[in-house]
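What follows is the residue order along each chain.
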Amino acid sequence: MTELSKSGAAVGEPTASSPASTSFLEVRDLKVHFPTDDGLVKSVDGLSFQLERGKTLGIVGESGSGKSVTSLGIMGLHTAGQYGKRKAQISGEIWLDGTELLTADPDHVRKLRGREMAMIFQDPLSALHPYYTIGAQIVEAYRTHHDVDKKTARRRAIEMLDRVGIPQPDKRVDAYPHEFSGGMRQRAMIAMSLVNNPELLIADEPTTALDVTVQAQILDLIRDLQKEFGSAVIIITHDLGVVAELADDILVMYGGRCVERGPAEKVFYEPRHPYTWGLLGSMPRLDRDQQERLIPVKGSPPSLINVPSGCAFNPRCPYADLPKDNVTRTVRPDLTEIGDRHWAACHLTPEQRERIWTEEIAPKL
Amino acid sequence: MLAYLIRRLFAAAVMLAVIILVVFSIFFLVPKWAGVDIATSFVGKQADPAAVNAVREKLGLSDPIYSQVWEFFKGIFAGRTYAAGGDVTRCAAPCFGYSFRSEQAVWPVLTDRFPVTLALALGAAVLWLVFGVAAGVLSALKRGSLWDRSAMVVALGGVSLPIYFTGLLSLAIFSYGLKWIDAQYVPIGDSFTGWLGGMILPWITLAFLYAAMYARITRATMLEILGEDYIRTARAKGLREQTVIGKHAMRSTMTPILTMLGMDLGALIGGAILTETTFSLPGLGQKVLDSIKTQDLPFILGVTLITSVAVLIANLVVDILYAVIDPRVRLA
């Protein structure tokens, strides 16, 4: 835990006016809405966070909480090549190393993609082109941003494959994705995303499609490579165990918004939002009696078209009736600082949350 | 890759033998079922029975069936000899026999007509590939736009309108109305420009139908491919949009187009009956129509076999190209 407590990723509220960000990555009040026939889908509805080089941010939440939409938004992939579809409506600010991406020239953002910011996707089999060799795809990623000949790029690809732990990289470089195992494919995907030494690496559920035994290897690899390259990393996952391993800070998303964020050990050991409690309660743990059942979060994720009024979590929250005047169903709670760099959006009083956590939740975990 | 190639070639050879057998069975069985005696039909209705018998003996029609199959098979690869008494005719390989109507040897007539059909099919294929695929890609990239909607309406027209309608319409407008083109077929050896003039309307007419089908398939495939994860990966790498579309998406879109192209080209090389008839092109399609009308079995057999072989070869080429494009196919 000593490593976590040295956390330097600042988590703070964005300022009202918009001066250029001094953080490496700063997202301010990001909103990503998709117009559909059924209405406006508010996938991300006001999200802010900051991240510094060398630090890891874990974004946690259920399916449909807006995690992936956020990452694709940072990469600018909601606007690139959306032929004839109704355009996503994106507002807010995304500052990467002093440049605001949403208002920047799209071709400039394209040049940043793959070089300054890179992404690892959930399913490496579908994310790699089936008709090109692993090597060709890495070479292409490198040569897009570096003016080098094919031989040099190929040497670089082999070097990267070696670096991510693929045996016989000089032979495997000519293999096709279908000739790799799942774990090897994800390693190749990581090699491809890191080939240009990006300063920001976004890993969108990088281990979800993999065997449990391979998951830990991939997470170790991401951690080692981060140390080596000094990149900022965003890990997106629904699995708290994954971020517990890696993240300096954790941001818990629900219904397109942040409900709790803070240093990883705070969110893990002193969580202050009922949804985070639910996530912790539903996580299987080996150090607990196996007779105890996991406690699922009741109900299902909210509709992003008709987000429940008040606190989006209120229909599923066991404590929704504690605050007075039905406030949980009428007023949307603001994200407020409840401790050192620890924020939560909840109508319960700090005392109520303290009591519920120590008396009801913590003993069962 | 080599193993795949050998397997495919072997399969093609087996298929060829099967095709020859099936084609022969048409020759042998159809007249039986239709109650027509081939020898009588050859000689004519008021024939002298001695002449009919002579023909029967010469064509080997009273031989046992396995020997007839063998003679037919052998004729194609080694040539055969027809003999009845002192009357001996040597038919060189590949021998498909002689017309029942004109006593012409079948094979020279077919080889004479084949280039016309081949030129028609290949020229049209180039046109429909270029315009059909381009229109399909554009439609996919501008989905829902005015261009997309109009292109798809035109394509629907192209698919639905029969060739003898669009063909006659183009003749009426460009040849008889505007008098831009003299739509007479001229052999390429006589006059190249005359040949071009004679081919241009058939090409366009035939290509219009196929371009319409290809545009629709291309559009649907491209839209599907654009939703693939690896296209998102390509963009995440920072590739230019023209590389994402032109390289990553197009390569995947090519597979179904290639499959269709193999089938269509193969079938057309065996004769584009409607187009050739509409424009009076002296190709295989026109000949097969004449032969069917006059029940000229040897010609029907010859054209059927050429068509089958063309489809076979086209599919073989497609299979090989398929393996070049999609590495996963090589394992299958």
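The rules behind these values
Residues numbered from 1 in each chain as written. Chains lettered and ligands numbered in written order. Predicted model: local features only at pLDDT ≥ 70, side-chain atom pairs only at ≥ 80, totals over all residues. Helix = DSSP H or I, 4+ residues; strand = E, 2+ residues; numbered from the N terminus. Buried ≥ 20, exposed ≤ 12 C-beta atoms within 10 Å, placed from the backbone. Rg over C-alpha atoms; globule rule 2.2 N^0.38 Å. Contact = placed C-beta atoms within 7 Å. Axes fitted to C-alpha atoms, helices over the stretch in contact; angles between N-to-C directions. Parallel < 35°, antiparallel > 145°, perpendicular 65-115°, else oblique. Nonpolar A, V, L, I, M, F, W, Y, C, P; charged D, E, K, R; others polar. Pairing = 2+ DSSP bridges. UniProt positions renumbered as here; feature names shortened; annotations may be inferred. Core = buried A, V, L, I, M, F, W, Y, C linked by C-beta atoms within 7 Å. Domains from an automatic or database assignment. Left-handed = near helix turned anticlockwise from the far one by under 90°. Expected span 1.5 Å × (residues − 1).

Here we come to the overall build of chain B. Within chain B, the secondary structure is distributed over 13 helices and two strands. The C-alpha extent of chain B, read off along each of the three principal axes, is 85 × 55 × 35 Å. Out of the 332 residues belonging to chain B, those deemed buried represent 36%.

What follows is about the overall build of chain A. Within chain A one finds 14 helices and twelve strands. Here the C-alpha radius of gyration of chain A, 21 Å, is about what a compact globule of 365 residues would show, namely 21 Å. C-alpha atoms of chain A, sized along the principal axes, occupy 70 × 50 × 40 Å. Of all 365 residues assigned to chain A, the portion counted as buried reaches 47%. Look at the contacts in chain A between residues 6 or more apart in sequence, and 66% of them connect residues 24 or more apart.

In this section: the packing of helix H5 (residues 106–141) of chain B against helix H12 (residues 284–293) of chain B. All names here are of chain B. Two elements in contact, H5 and H12, have axes whose closest approach is 8 Å; the angle formed by their N-to-C orientations is 130°. Considered as vectors, H5 and H12 are oriented oblique to each other. Of the residues in H12, those in contact with Val 109, Leu 110, Arg 113, Phe 114 and Thr 117 of H5 are Leu 284, Gly 285 and Lys 287. Tallied by class, residues from the contact of H5 with H12 come to four nonpolar, two polar and two charged.

Before going further, it helps to examine the pairing of strand E4 (residues 89–96) of chain A. Residues and elements named next belong to chain A. Strand direction decides the pairing type here: strand E1 (residues 25–36) and E4, joined by seven bridges, are antiparallel. By the bridge assignment for E4, Val 32 is matched with Ile 90. One ladder, built from two bridges, connects E4 with strand E5 (residues 99–100); its direction is antiparallel. The residue bridging Leu 96 from the neighbouring strand is Thr 99, located in E5.

A few words on the sheet that holds strand E8 (residues 232–237) of chain A. As a general point, the strands of a sheet are linked pairwise by backbone hydrogen bonds and lie either parallel or antiparallel. Residue and element names in this part refer to chain A. The eight strands lie next to each other as E6-E7-E8-E3-E9-E10-E12-E11, forming an open sheet whose pairing is mixed. Either end of the sheet is taken by a strand with one partner, and the two such strands are strand E6 (117–120) and strand E11 (336–339). Going from strand to strand, the sheet's axes swing by 20° on average, the running direction of each strand aside. Bridge count between strand E9 (residues 249–254) and strand E10 (residues 257–263): six bridges; the pairing is antiparallel. Across the sheet, residue Ile 250 finds its bridge partner in E10, namely Gly 262. Where helix H2 (residues 67–75) meets the sheet, it contacts strand E3 (56–60), E6, strand E7 (200–204), E8 and E9, and its direction lies at approximately 150° from that of E7.

To continue, consider the UniProt feature "transmembrane region" (unreviewed entry) in chain B. Residue and element names in this part refer to chain B. UniProt records the feature "transmembrane region" (unreviewed entry) for residues 9–30, 116–141, 153–174, 194–215, 257–279 and 299–325 in the present numbering. End-to-end, the C-alpha atoms of residues 9–30 are 31 Å apart, and along that stretch the chain is 100% helix and 0% strand. Measuring from the first to the last C-alpha atom of residues 194–215 gives 31 Å, for a span that is 100% helix and 0% strand.

With that out of the way, let us pick up unusual backbone geometry. All names here are of chain A. Of note, the phi angle at Asn 197 is positive, near 50°, even though the residue is not glycine. One can find Asn 197 in the loop between helix H8 (182–194) and E7. Phi at Asn 326 is positive, roughly 60°, even though this residue is not glycine. Inspection of the secondary structure puts Asn 326 in the loop between helix H12 (274–281) and helix H13 (327–330).

To continue, consider the sheet that holds E4(A). Strand order across the open sheet formed by four strands is E2-E1-E4-E5 (chain A), with antiparallel pairing between neighbours. In this open sheet, the two edge strands, each paired with only one partner strand, are strand E2 (39–51) and E5 of chain A.

Attention now moves to the nonpolar core. Within the largest apolar cluster, 162 residues are counted, with the highest numbers of intra-cluster contacts made by A:Ile138, A:Ala157, A:Ala191 and A:Val252. Looking at which element gives the most residues to this core, the answer is H5(B), with 15 residues. Among the domains, domain 1 (38–95) and domain 2 (112–331) of chain B are the pair contributing at least three residues each to this core. Excluding its chain neighbours within four sequence positions, the residues that come into contact with A:Val252 are A:Val60, A:Gly61, A:Cys258, A:Val259, A:Glu260, A:Arg261, A:Val267, A:His273, A:Tyr275 and A:Thr276.

This next bit is on the interface of chain A and chain B. Residue-level contacts link 27 residues of chain A with 26 residues of chain B. At the level of secondary structure, the elements contributing two or more residues to the side of chain A that touches chain B comprise helix H3 (106–112), E6, helix H4 (124–127) and helix H5 (134–145) of chain A. At four residues, the largest contribution of residues to the side of chain A that touches chain B is made by H5(A). Grouping the constituent residues of the side of chain A that touches chain B by class yields 13 nonpolar, eight polar and six charged.

It is worth spelling out the packing of helix H1 (residues 2–34) of chain B against helix H4 (residues 65–78) of chain B at this point. Residue and element names in this part refer to chain B. For the pair H1 and H4, interaxial distance at closest approach is 11 Å and the crossing angle is 120°. Between H1 and H4, the angle falls in the class oblique. Every pair of crossing elements has a handedness; the one defined by H1 and H4 is right-handed. Between H1 and H4, the contacting residues are Ile 20, Leu 21, Phe 24 and Phe 28 on the first element and Ile 65, Gln 68, Val 69, Phe 72, Phe 73 and Ile 76 on the second.

Our focus in this paragraph is helix H9 (residues 212–229) of chain A. Residue and element names in this part refer to chain A. Compared with the 26 Å implied by 1.5 Å per residue over 18 residues, the 26 Å span of H9 between its first and last C-alpha is a close match. In this structure, the buried side of H9 is in contact with E3, H8, E7, E8 and helix H10 (240–246). Gly 230 lies just past H9 and shows a positive phi near 70°.

We now examine the domain arrangement of chain B. Once the domains are mapped, chain B shows domain 1 (38–95) and domain 2 (112–331). Once you take the C-alpha centre of each, domain 1 of chain B and domain 2 of chain B turn out to be 40 Å apart.

Our next topic: H12(B). Residues and elements named next belong to chain B. Of the positions making up H12, those classed as buried are Leu 284, Gly 285, Gln 286, Lys 287, Val 288 and Ser 291. In the core, the buried residues of H12 are packed alongside H5, helix H11 (273–278) and helix H13 (297–325). Trailing H12 by a residue or two, Gln 295 shows a phi angle of about 55°, which is positive.

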